[in-house]
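Coordinate analysis (summary)
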Amino acid sequence: MGFASLFKGSSYEGQQIVNALSLSMAVIEFSIDGKILTANDNFLKTMGFSLEEIVGKHHSIFVPREISSGEEYRKFWEQLRNGKFSSGAVPRVRKNGEMIWLEATYNPILGKDGKPTKVVKFATDITARRIERAVLQSVFDAMEKSQAVIEFDLNGIILKANKNFLDAMGYRLDEIVGKHHSMFVEPAYRDSAEYRSFWETLKTGNFHTGQFKRVGKGGKEIWIEASYNPVLDPVGKPFKVIKFATDITEQTRLLLELKTMIDQNFTEIDSNIAALGNSANQSVSTSEETSQTVQTVAASAEQMAASIAEISRSMAQSRDETERAFDQTISANSSTQRMAEVVESMGSIVEVIQNIAGQINLLALNATIESARAGDAGKGFAVVANEVKNLANQAARATEQISDEISGIQSISSEVVGALETIRHSVETVRDSVTNISSAVEEQSAVTEGVSENMRMMAGAVDGLSRNLDNIKSTTGMVADSVSRTRKAAEVLAR
C-alpha cells in the first residue's frame, strides 16, 4: 500500500503535500492496533530496516523494552485508537540496537464514519540535537552543583537562584526574588555610571566576566569570580541573564594579606638592594684600585725576581771564583811549606860549611905553625896558609850572614805559612758563606718567582673579582626591576 492512498479521492494539492512530507520526513503507517502497514525510504534508512522486515509487525519493535512493557505505552495506543494524536520527542531502537531520538507526530486517520482507521507517523531524527542538548544540560547541571547560579531579567530583577548562591550571600530565596541585583553591590557603585553601563552591555547580548566585590546579608563583604551570560531566544535576542559565580572571598583575603606582606618585604628588599648597589659600587672602585696596586706590585715583583736572578748568577760566579781562590791558597800554602823545608835544609848546609870553614881555620893555623918551624922555606906556605885562613874567615862570616838570612827567611816563611793558613781559613769561611748565600739566593729566586707568579694570578683574580662585582651590580639592577614587576603583579592579584 503506498502513501498516495492516504489522500485517495482528495484534491491534487493534498497529494502534493503528502509527497512533500514523504520526501523530507520519515513516514510510517500503522493499523489501528499498531501493526505496520508501510513506510517510506526515509524511515527505513533512519531505522536500518528493509520494508519486508517490518510490514505486519507491531510498532513495539522500535520501542525500548522498558517502555513497550509499561502501562504508559498501552495507554499511548489506546488514545490513538480513540482518535487522539500524540507528538513529542521519543526514544527508539534501530535494527542494530542503537538508540536514537525522533521528533514525531502520531496522527489517527479517520474514516467517513469519523472513526480512526489507521495511524500515520511523521518523524525527524533529532538524535544529534538531543545529544547536544543532553551534553549542554549535563554541563549546566554540573555547573549548578559546583557554582553559585542566579538568573535575572534584562533589567536586573532576580528571577531565581540556587542553593550555592543563597548560602554564599546568606539569604533565603524568598528574600531576593523580585528584587534588583543592586542589593548585592555597594551604594557608591550602585549609583555609578559604570554600573548602569554594566547592565546596558548585558542587554545588548555581551557577556561580562571578572572578579567582583559584593555585599551579602548584614553587609558581609564577599568576593566572587563570576560570569554574567545573556541567554538568547531562538532568534538570537537576549531575554534573561544567568550568572555563574565562585566564592573567592578567602582567596582574595589571603591575596590582600599577601600584597600587604609583599609591600612590606619589598620595601625592605628595595632598601637592601640599594645598600647592596652602593656596596657594589664601592667594591668596584676598591677592586679597580686594588687591581692597579696588584698589577704594580706584580710588575715590581717581576723586576725583583729579575734582580735576584742576576744576583744569583753573580753569587754563583763569586762562589766559583772563591773556590778557585781557595784552591790557589791551598796550593800556595803547600809551596810555602816546601820552601820552609828547603830553607831548613839550607840551614843544615850552612852548618856543614861552617864546620868546613872551622876545619880550614884549624888547618891554616897548623900550616902557620908548621911554616914558622920551617923558617924561610915555609914563608911561602905561610902566605898561602894566611890566605886560606882569611878565606876561611870570610867563608865563616859569609856563612854566618847566610845563616842569619836563612833564619830571617825561616821566620818569614813561618809568618807566610801562618798568614796563608789564616787566609785559607778565611777563604774557606768565605767560600762556605758564598755557598750558603748562593743557595739562599737560589731559594729566594725560586720564592720570588713564585711570588711573581702568585701576584700575576692575584692580578687576574682581582680583575675577575672586578668583573664579578660589575655583574653583581648589573644583577642588582635586574633584581630591583624584578622586584618592581613582582610588586605590580601582586597589586594586580589583589584587585
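Here, residues in each chain are numbered from 1, in the same order as that chain's written sequence. Reporting in this predicted model follows two pLDDT cut-offs: at least 70 for local features of residues, and 80 or more for side-chain atom pairs to be given and counted; totals over whole chains, interfaces and linings ignore these cut-offs and use all residues. Working from all heavy atoms in the structure, the side-chain values ignore hydrogens and water.

- Under the annotation held in an unreviewed UniProt entry, the chain carries the name Chemotaxis protein and is attributed to Thalassospira xianhensis MCCC 1A02616.

1. Considering helix α9 (residues 193-203)
- Note on exposure labels: buried denotes an accessible area under 20% of the residue type's maximum, exposed denotes more than 50%, and partly exposed covers the range between, all computed with a 1.4 Å probe on protein chains only. Comment: elements are numbered from the N terminus, with helices defined as DSSP H or I runs of at least four residues and strands as E runs of at least two. Taken together, the buried positions of α9 are Tyr 195, Phe 198, Trp 199 and Leu 202. Looking down the long axis of α9, one finds its buried residues gathered within 85 degrees of arc, a one-sided arrangement. With respect to the buried face of α9, the exposed residues turned more than 90 degrees away are Ala 193, Glu 194 and Arg 196.
- Buried positions along α9 lie against β6 (148-152), α8 (187-190), β8 (208-215), β9 (221-232) and β10 (238-247).
- Immediately beyond the C-terminal end of α9, within one or two residues, lies Gly 205, with a positive phi of roughly 95 degrees. Summarising the geometry, the arc corresponds to the directions from the helix axis toward the C-beta atoms. In this analysis, two residues are considered to be in contact whenever any of their non-hydrogen atoms come within 4.5 Å of each other.

2. Observations regarding a nonpolar patch on the surface
- Each patch groups residues whose relative accessible area exceeds 30% and which form no salt bridge, using 9 Å between like charges and 5 Å between nonpolar side chains of Val, Leu, Ile, Met, Phe, Trp and Tyr. Each accessible area is a Shrake-Rupley estimate made with a 1.4 Å probe; only the visible protein chains count as cover when residues are assessed. Each reported salt bridge corresponds to a side-chain nitrogen of Lys or Arg within 4 Å of a carboxyl oxygen of Asp or Glu. Taken together, the side chains of Ile 131, Val 135 and Val 139 present a nonpolar region at the surface, about 250 Å² in accessible area.
- Relative to the assigned elements, Ile 131 resides in helix α6 (residues 127-146).

3. Things to note about the packing of aromatic side chains
- We call Phe, Tyr and Trp rings a pair once their centres come within 6.5 Å, taking the six-membered ring for Trp, and we label the pair stacked below 30 degrees between planes, edge-to-face above 60, and tilted otherwise. Within the structure shown, the criterion is met by 15 aromatic pairs.
- Judged by centre distance (4.9 Å) and plane angle (90 degrees), the ring pair of Phe 76 and Tyr 106 falls under edge-to-face. Residue Phe 76 is found in helix α5 (residues 71-81), and its partner Tyr 106 is found in strand β4 (residues 99-110); the two are separated by 30 residues along the sequence. Both residues of the pair, Phe 76 and Tyr 106, belong to the buried class.
- Between Tyr 189 and Tyr 195, the aromatic rings sit 5.2 Å apart at their centres with planes inclined by 65 degrees, giving edge-to-face as the arrangement.
- Given a relative accessible area of 5%, Tyr 195 falls into the buried group.
- Through a chain of ring-to-ring contacts, the aromatic side chains of Phe 152, Tyr 189, Tyr 195, Phe 198, Trp 199, Phe 212 and Tyr 228 assemble into a single cluster.
- Two conditions define a charge located above a ring, namely a distance within 6 Å from the ring centre to NZ of Lys or CZ of Arg, and an angle within 35 degrees of the ring normal. Of note, Arg 130 hangs over the ring of Trp 101, and the distance from its end group to the ring centre comes to 3.8 Å.

4. Considerations on the sheet that holds β8
- Any two strands with at least two DSSP bridges between them are considered paired. The strand order across the open sheet formed by five strands is β7-β6-β10-β9-β8, and the pairing between neighbours is antiparallel. Sheet topology places β7 (158-161) and β8 at the edges, where each strand pairs with a single neighbour. On average, each strand axis in the sheet is inclined to that of its neighbour by 30 degrees, with strand direction left out of account.
- With three bridges joining them, β6 and β7 adopt antiparallel strand pairing. Of the residues in β7, the one forming a bridge with Phe 152 is Ile 158. Helix axes are fitted to C-alpha atoms over the stretch in contact, other axes to C-alpha atoms as well, and angles between N-to-C directions run from 0 to 180 degrees.

5. Here we look at the environment of Val 27
- Looking at the element boundaries, Val 27 is found in strand β1 (residues 26-31).
- You can call Val 27 buried: its relative accessible area is 2%.

6. Regarding the layout of surface pockets
- Both cavities and pockets are sets of points on a 1 Å grid over the protein atoms alone; in a cavity a 1.4 Å probe fits but cannot get out, in a pocket the set is open with protein on both sides within 12 Å along at least five of seven lines, and lining residues sit with an atom within 4 Å of a point. Grid points are joined across faces, edges and corners, and a volume is the space filled by probe spheres set on the points. For the largest pocket, the calculated volume is near 320 Å³.
- As for the largest pocket, its lining consists of 16 residues, of which Ile 67, Glu 72, Phe 76, Val 90 and Arg 92 are closest to the centre.
- The dominant element in the lining of the largest pocket, judged by the number of residues it contributes, is strand β3 (residues 86-93), at six residues.
- As a working rule, the residues Ala, Val, Leu, Ile, Met, Phe, Trp, Tyr, Cys and Pro are called nonpolar, Asp, Glu, Lys and Arg charged, and the rest polar, with Gly in that last group. Of the residues contributing to the lining of the largest pocket, the split by class is seven nonpolar, five polar and four charged.
- For the second largest pocket, the calculated volume is near 240 Å³.
- Taken together, 13 residues form the lining of the second largest pocket, with Tyr 189, Glu 194, His 208, Phe 212 and Arg 214 sitting closest to its centre.
- For the lining of the second largest pocket, a count of residues per class yields three nonpolar, six polar and four charged.

7. Regarding empty space enclosed by the protein
- Summed over the entire model, instances satisfying the criterion amount to one cavity of 30 Å³ or more.
- One number sums up the size of the largest cavity: a volume of about 50 Å³.
- Forming the boundary of the largest cavity are Ala 148, Phe 165, Ala 168, Met 169, Ile 222, Ile 224, Ala 245, Thr 246 and Asp 247.
- If you list the elements that add at least two residues to the lining of the largest cavity, you get α7 (163-169), β9 and β10.
- Residue classes in the lining of the largest cavity are distributed as seven nonpolar, one polar and one charged.

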